[in-house]
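Structural overview for review
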Amino acid sequence: MSRVGRVGALPGLALGLAGVLYSSWLIGPLLNPAFGLLDGYASELAARDQPYHLVFGLGDLVVGALASATGLALARRAGGWPRWAWWGLVAFGVATALDGTVSSMDCAPSADARCARLAELGALSWRDQGHSVSSAVAIAAALASLLAMLLGQREHRVSFRWGLAVAAVLLVGTAGTLLELTRPGAALGAWQRVQLLGLSGWLLYAGGIVATQGASSPSSAC
(Lines give C-alpha, C1' and ligand atoms only; values in the text may rest on other atoms or scores of the structure.)
Protein backbone atom coordinates (compact mmCIF):
# COMPACT_ATOMS: atom_id res chain seq x y z
CA MET A 1 0.00 0.00 0.00
CA SER A 2 1.32 3.46 -0.91
CA ARG A 3 2.00 6.12 1.70
CA VAL A 4 -1.08 8.06 0.55
CA GLY A 5 -3.16 4.91 0.89
CA ARG A 6 -1.93 4.27 4.43
CA VAL A 7 -2.52 7.88 5.50
CA GLY A 8 -5.95 8.12 3.87
CA ALA A 9 -7.33 4.69 4.76
CA LEU A 10 -8.70 5.51 8.21
CA PRO A 11 -10.25 8.93 7.41
CA GLY A 12 -11.58 7.52 4.15
CA LEU A 13 -13.24 4.68 6.05
CA ALA A 14 -14.64 7.10 8.63
CA LEU A 15 -16.23 9.27 5.97
CA GLY A 16 -17.55 6.24 4.11
CA LEU A 17 -19.19 5.03 7.32
CA ALA A 18 -20.62 8.51 7.91
CA GLY A 19 -22.13 8.47 4.41
CA VAL A 20 -23.82 5.13 5.06
CA LEU A 21 -25.11 6.10 8.52
CA TYR A 22 -26.50 9.37 7.15
CA SER A 23 -28.95 7.21 5.18
CA SER A 24 -30.56 5.86 8.35
CA TRP A 25 -33.86 7.41 7.19
CA LEU A 26 -34.14 4.45 4.81
CA ILE A 27 -35.06 2.20 7.76
CA GLY A 28 -37.57 4.78 9.04
CA PRO A 29 -40.69 2.97 7.78
CA LEU A 30 -39.54 -0.23 9.49
CA LEU A 31 -39.11 1.38 12.92
CA ASN A 32 -41.83 4.00 12.62
CA PRO A 33 -44.63 2.94 10.21
CA ALA A 34 -46.29 6.36 10.60
CA PHE A 35 -43.70 7.63 8.12
CA GLY A 36 -43.18 6.36 4.62
CA LEU A 37 -39.94 6.89 2.73
CA LEU A 38 -41.26 10.14 1.27
CA ASP A 39 -43.38 11.48 4.16
CA GLY A 40 -42.43 14.77 5.82
CA TYR A 41 -38.97 15.67 7.05
CA ALA A 42 -36.52 12.87 7.77
CA SER A 43 -35.62 14.83 10.92
CA GLU A 44 -39.08 14.07 12.29
CA LEU A 45 -37.96 10.48 12.83
CA ALA A 46 -35.68 11.84 15.57
CA ALA A 47 -38.40 14.05 17.13
CA ARG A 48 -38.53 13.40 20.85
CA ASP A 49 -42.12 12.14 20.83
CA GLN A 50 -41.53 9.52 18.14
CA PRO A 51 -40.78 5.81 18.68
CA TYR A 52 -37.12 4.88 18.22
CA HIS A 53 -36.17 8.54 18.06
CA LEU A 54 -32.98 7.72 19.94
CA VAL A 55 -31.86 5.47 17.09
CA PHE A 56 -32.05 8.29 14.56
CA GLY A 57 -30.71 10.88 16.98
CA LEU A 58 -27.74 8.63 17.74
CA GLY A 59 -27.19 8.19 14.02
CA ASP A 60 -26.88 11.96 13.55
CA LEU A 61 -24.58 12.19 16.56
CA VAL A 62 -22.25 9.50 15.24
CA VAL A 63 -22.23 11.01 11.73
CA GLY A 64 -21.50 14.42 13.21
CA ALA A 65 -18.68 13.08 15.38
CA LEU A 66 -17.09 11.18 12.48
CA ALA A 67 -17.35 14.14 10.11
CA SER A 68 -16.08 16.79 12.52
CA ALA A 69 -13.21 14.70 13.92
CA THR A 70 -12.08 13.57 10.46
CA GLY A 71 -12.43 17.04 8.98
CA LEU A 72 -10.42 18.58 11.80
CA ALA A 73 -7.61 16.05 11.42
CA LEU A 74 -7.48 16.57 7.64
CA ALA A 75 -7.74 20.37 7.72
CA ARG A 76 -4.69 20.59 9.96
CA ARG A 77 -2.43 19.07 7.31
CA ALA A 78 -4.09 20.31 4.11
CA GLY A 79 -3.63 23.50 2.16
CA GLY A 80 -5.46 25.49 -0.50
CA TRP A 81 -8.95 24.46 -1.51
CA PRO A 82 -8.76 21.08 0.29
CA ARG A 83 -8.31 22.85 3.62
CA TRP A 84 -11.53 24.82 3.05
CA ALA A 85 -13.28 21.59 2.07
CA TRP A 86 -12.29 19.90 5.31
CA TRP A 87 -13.24 22.89 7.44
CA GLY A 88 -16.65 22.79 5.77
CA LEU A 89 -16.83 19.13 6.78
CA VAL A 90 -16.11 20.13 10.38
CA ALA A 91 -18.93 22.68 10.36
CA PHE A 92 -21.31 20.12 8.86
CA GLY A 93 -20.34 17.60 11.51
CA VAL A 94 -20.94 19.95 14.43
CA ALA A 95 -24.31 21.09 13.06
CA THR A 96 -25.40 17.50 12.36
CA ALA A 97 -24.45 16.37 15.86
CA LEU A 98 -26.59 19.20 17.24
CA ASP A 99 -29.45 18.17 14.94
CA GLY A 100 -29.69 14.79 16.62
CA THR A 101 -29.20 15.96 20.20
CA VAL A 102 -29.50 19.53 21.47
CA SER A 103 -31.67 20.82 18.62
CA SER A 104 -33.76 17.74 17.90
CA MET A 105 -37.42 18.43 17.16
CA ASP A 106 -40.08 18.31 19.91
CA CYS A 107 -42.62 16.50 17.76
CA ALA A 108 -43.47 15.56 14.18
CA PRO A 109 -45.71 18.21 12.56
CA SER A 110 -46.42 16.17 9.44
CA ALA A 111 -47.84 13.32 11.55
CA ASP A 112 -49.42 15.32 14.39
CA ALA A 113 -51.94 18.13 13.76
CA ARG A 114 -51.46 19.54 17.25
CA CYS A 115 -47.70 19.71 16.72
CA ALA A 116 -48.25 21.46 13.39
CA ARG A 117 -50.46 24.10 15.07
CA LEU A 118 -47.90 24.68 17.82
CA ALA A 119 -45.18 25.07 15.20
CA GLU A 120 -47.25 27.67 13.32
CA LEU A 121 -47.77 29.60 16.57
CA GLY A 122 -44.08 29.41 17.45
CA ALA A 123 -45.03 27.68 20.69
CA LEU A 124 -42.50 24.85 20.54
CA SER A 125 -39.31 24.80 22.59
CA TRP A 126 -36.12 26.69 21.76
CA ARG A 127 -34.55 23.34 20.93
CA ASP A 128 -37.13 22.70 18.24
CA GLN A 129 -36.82 26.21 16.84
CA GLY A 130 -33.04 25.85 16.83
CA HIS A 131 -33.36 22.78 14.63
CA SER A 132 -34.00 24.92 11.56
CA VAL A 133 -30.79 26.84 12.23
CA SER A 134 -28.58 23.80 12.76
CA SER A 135 -30.04 22.07 9.69
CA ALA A 136 -29.48 25.16 7.53
CA VAL A 137 -25.88 25.42 8.75
CA ALA A 138 -25.28 21.74 7.95
CA ILE A 139 -26.56 22.13 4.38
CA ALA A 140 -24.65 25.36 3.77
CA ALA A 141 -21.44 23.84 5.12
CA ALA A 142 -21.84 20.74 2.95
CA LEU A 143 -22.40 22.84 -0.17
CA ALA A 144 -19.37 25.01 0.60
CA SER A 145 -17.24 21.94 1.27
CA LEU A 146 -18.30 20.25 -1.95
CA LEU A 147 -17.57 23.41 -3.95
CA ALA A 148 -14.08 23.57 -2.45
CA MET A 149 -13.55 19.90 -3.27
CA LEU A 150 -14.52 20.47 -6.88
CA LEU A 151 -12.15 23.41 -7.17
CA GLY A 152 -9.39 21.23 -5.76
CA GLN A 153 -10.18 18.33 -8.11
CA ARG A 154 -10.07 20.18 -11.41
CA GLU A 155 -6.91 18.36 -12.50
CA HIS A 156 -8.37 14.97 -11.58
CA ARG A 157 -10.87 14.54 -14.41
CA VAL A 158 -12.61 11.36 -13.25
CA SER A 159 -12.91 12.55 -9.66
CA PHE A 160 -14.08 15.97 -10.84
CA ARG A 161 -16.85 14.42 -12.93
CA TRP A 162 -18.04 12.31 -10.03
CA GLY A 163 -18.08 15.44 -7.90
CA LEU A 164 -20.20 17.25 -10.46
CA ALA A 165 -22.72 14.38 -10.40
CA VAL A 166 -22.92 14.53 -6.61
CA ALA A 167 -23.26 18.32 -6.73
CA ALA A 168 -26.11 18.06 -9.24
CA VAL A 169 -28.08 15.71 -6.98
CA LEU A 170 -27.45 17.85 -3.91
CA LEU A 171 -28.35 21.12 -5.63
CA VAL A 172 -31.54 19.72 -7.20
CA GLY A 173 -32.65 18.30 -3.85
CA THR A 174 -31.84 21.53 -2.01
CA ALA A 175 -33.59 23.72 -4.58
CA GLY A 176 -36.67 21.50 -4.53
CA THR A 177 -36.77 21.51 -0.74
CA LEU A 178 -36.50 25.31 -0.57
CA LEU A 179 -39.26 25.68 -3.17
CA GLU A 180 -41.57 23.39 -1.22
CA LEU A 181 -40.90 25.38 1.95
CA THR A 182 -42.30 28.49 0.29
CA ARG A 183 -45.20 26.60 -1.31
CA PRO A 184 -45.85 23.54 0.87
CA GLY A 185 -47.07 20.47 -0.97
CA ALA A 186 -46.99 16.71 -0.97
CA ALA A 187 -43.54 16.55 -2.57
CA LEU A 188 -41.58 18.00 0.37
CA GLY A 189 -40.49 14.58 1.60
CA ALA A 190 -39.40 13.50 -1.87
CA TRP A 191 -37.26 16.58 -2.48
CA GLN A 192 -35.63 16.37 0.92
CA ARG A 193 -34.76 12.70 0.35
CA VAL A 194 -33.01 13.70 -2.89
CA GLN A 195 -31.09 16.26 -0.86
CA LEU A 196 -30.16 13.63 1.74
CA LEU A 197 -28.97 11.27 -0.97
CA GLY A 198 -26.77 14.11 -2.24
CA LEU A 199 -25.33 14.63 1.24
CA SER A 200 -24.58 10.93 1.65
CA GLY A 201 -22.99 10.95 -1.80
CA TRP A 202 -20.86 13.94 -0.79
CA LEU A 203 -19.57 12.14 2.32
CA LEU A 204 -18.74 9.03 0.27
CA TYR A 205 -17.10 11.22 -2.38
CA ALA A 206 -15.01 12.96 0.27
CA GLY A 207 -14.01 9.59 1.68
CA GLY A 208 -12.94 8.45 -1.76
CA ILE A 209 -10.81 11.55 -2.31
CA VAL A 210 -8.93 11.27 0.96
CA ALA A 211 -8.49 7.50 0.60
CA THR A 212 -6.88 7.85 -2.83
CA GLN A 213 -5.19 11.25 -2.63
CA GLY A 214 -4.68 12.01 1.03
CA ALA A 215 -5.71 15.23 2.78
CA SER A 216 -4.33 17.39 -0.02
CA SER A 217 -3.11 16.06 -3.32
CA PRO A 218 -0.04 17.87 -4.74
CA SER A 219 -1.96 19.11 -7.76
CA SER A 220 -4.69 20.72 -5.68
CA ALA A 221 -2.65 22.31 -2.93
CA CYS A 222 -1.71 25.94 -3.17
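Quick summary incoming for the structure in this document. Not measured: the values here are computed from a predicted model.

Criteria and cut-off values
Residues numbered from 1 in each chain as written. Predicted model: local features only at pLDDT ≥ 70, side-chain atom pairs only at ≥ 80, totals over all residues. Heavy atoms only, no water. Helix = DSSP H or I, 4+ residues; strand = E, 2+ residues; numbered from the N terminus. Rg over C-alpha atoms; globule rule 2.2 N^0.38 Å. Buried < 20%, exposed > 50% of the residue type's maximum accessible area, 1.4 Å probe, protein only. Contact = heavy atoms within 4.5 Å. Areas by Shrake-Rupley, 256 points an atom, 1.4 Å probe, with all protein chains shown as cover. Lys, Arg positive; Asp, Glu negative; His and termini not counted. Charge placed at Lys NZ, Arg CZ, Asp CG, Glu CD. Axes fitted to C-alpha atoms, helices over the stretch in contact; angles between N-to-C directions. Parallel < 35°, antiparallel > 145°, perpendicular 65-115°, else oblique. Left-handed = near helix turned anticlockwise from the far one by under 90°. Nonpolar A, V, L, I, M, F, W, Y, C, P; charged D, E, K, R; others polar. 1 Å grid on protein atoms, 1.4 Å probe; cavity = no way out; pocket = protein on both sides within 12 Å on 5 of 7 lines; lining within 4 Å. Points joined across faces, edges and corners; volume = space filled by probe spheres on them. Patch = residues over 30% accessible without salt bridge, like charges linked within 9 Å, V, L, I, M, F, W, Y side chains within 5 Å. Salt bridge = Lys/Arg side-chain N within 4 Å of Asp/Glu carboxyl O. Disulfide = S-S within 2.5 Å. Expected span 1.5 Å × (residues − 1). Phe/Tyr/Trp six-rings, centres within 6.5 Å; stacked < 30°, edge-to-face > 60°.

Considerations on the overall build of the protein
Tallying secondary structure elements over the protein gives eight helices and zero strands in all. Along its sequence from the N terminus, the protein presents helices and strands in the succession α-α-α-α-α-α-α-α. In summary, the protein has a C-alpha radius of gyration of 18 Å against a globular reference of 17 Å for 222 residues, a match within 12%. Among the 222 residues that make up the protein, the fraction classed as buried is 48%. Here the contacts in the protein between residues at least 6 apart in sequence split such that 73% fall between residues at least 24 apart. Accessible surface for the protein amounts to roughly 10900 Å². Of this, 69% is attributable to carbon and sulfur atoms. One way to put it: in the protein the 14 positive side-chain charges average out to a point 17 Å from where the 11 negative ones average out.

Overview of the packing of helix α7 (residues 157–182) against helix α8 (residues 188–213)
Two numbers describe how α7 lies on α8: the axes approach to 8 Å, and their chain directions differ by 155 degrees. The angle between α7 and α8 places the two elements in the roughly antiparallel class. Like other packed secondary-structure pairs, α7 and α8 cross with a definite hand, here left-handed. Of the residues belonging to the contact of α7 with α8, the class tally is 13 nonpolar, eleven polar and one charged.

A short note on the layout of surface pockets
What the largest pocket holds in volume is close to 840 Å³. Taken together, 37 residues make up the lining of the largest pocket; nearest its centre are Tyr-41, Ser-43, His-131, Ser-135 and Gln-192. Looking at the lining of the largest pocket, the elements that each hand over two or more residues are α3 (53–75), α4 (80–100), α6 (126–152), α7 and α8. Counting residues per element, the lining of the largest pocket draws most heavily on α6, at eight residues. Tallied by class, residues from the lining of the largest pocket come to 20 nonpolar, 14 polar and three charged.

Observations regarding a nonpolar patch on the surface
A cluster of nonpolar side chains, contributed by Leu-26, Ile-27, Leu-30, Leu-37, Leu-38, Tyr-52 and Val-55, occupies part of the molecular surface with about 670 Å² of accessible area. Turning to its location among the elements, Leu-38 is positioned in the loop between α2 (28–31) and α3.

So, the environment of Gly-152
Looking at where Gly-152 falls in the secondary structure, it is placed in helix α6. Among the residues examined, Gly-152 registers a relative accessible area of 5% and is labelled buried. On a C-alpha basis, the gap between Gly-152 and Ser-110 in space is 40 Å, while along the polypeptide they are 42 residues apart.

Points about the state of the cysteines
Scanning the entire structure with this criterion turns up one disulfide. Each sulfur in the disulfide pair Cys-107 and Cys-115 lies 2.0 Å from the other. Its S-S torsion of about 85 degrees marks the bond between Cys-107 and Cys-115 as right-handed, since a negative value means left-handed. Given the relative accessible area of 8%, Cys-107 is considered buried. With a relative accessible area of 1%, Cys-115 lands in the buried category.

Examining α8
End to end, α8 covers 37 Å across 26 residues, agreeing with the expected 38 Å (1.5 Å per residue, within 8%). Looking at the residues trailing α8, positive phi occurs at Gly-214, about 85 degrees.

Thoughts on the packing of aromatic side chains
Under the counting rule described, the total for this entry stands at two aromatic pairs. Centroid distance Tyr-22 to Phe-92: 5.7 Å. Interplanar angle 65 degrees. Geometry classified as edge-to-face. Of the two residues, Tyr-22 sits in the loop between α1 (3–21) and α2 while Phe-92 sits in helix α4, which places them 70 residues apart along the sequence. Phe-92 shares its class with Tyr-22; the two are buried. Geometrically, the ring pair formed by Phe-92 and Trp-202 is edge-to-face, given 4.9 Å between the ring centres and 90 degrees between the ring planes. Of this pair, Phe-92 sits in helix α4 while Trp-202 sits in helix α8, placing them 110 residues apart in sequence. Using a relative accessible area of 0% as the deciding quantity, one classes Phe-92 as buried. The class of Trp-202 is buried, set by a relative accessible area of 0%.

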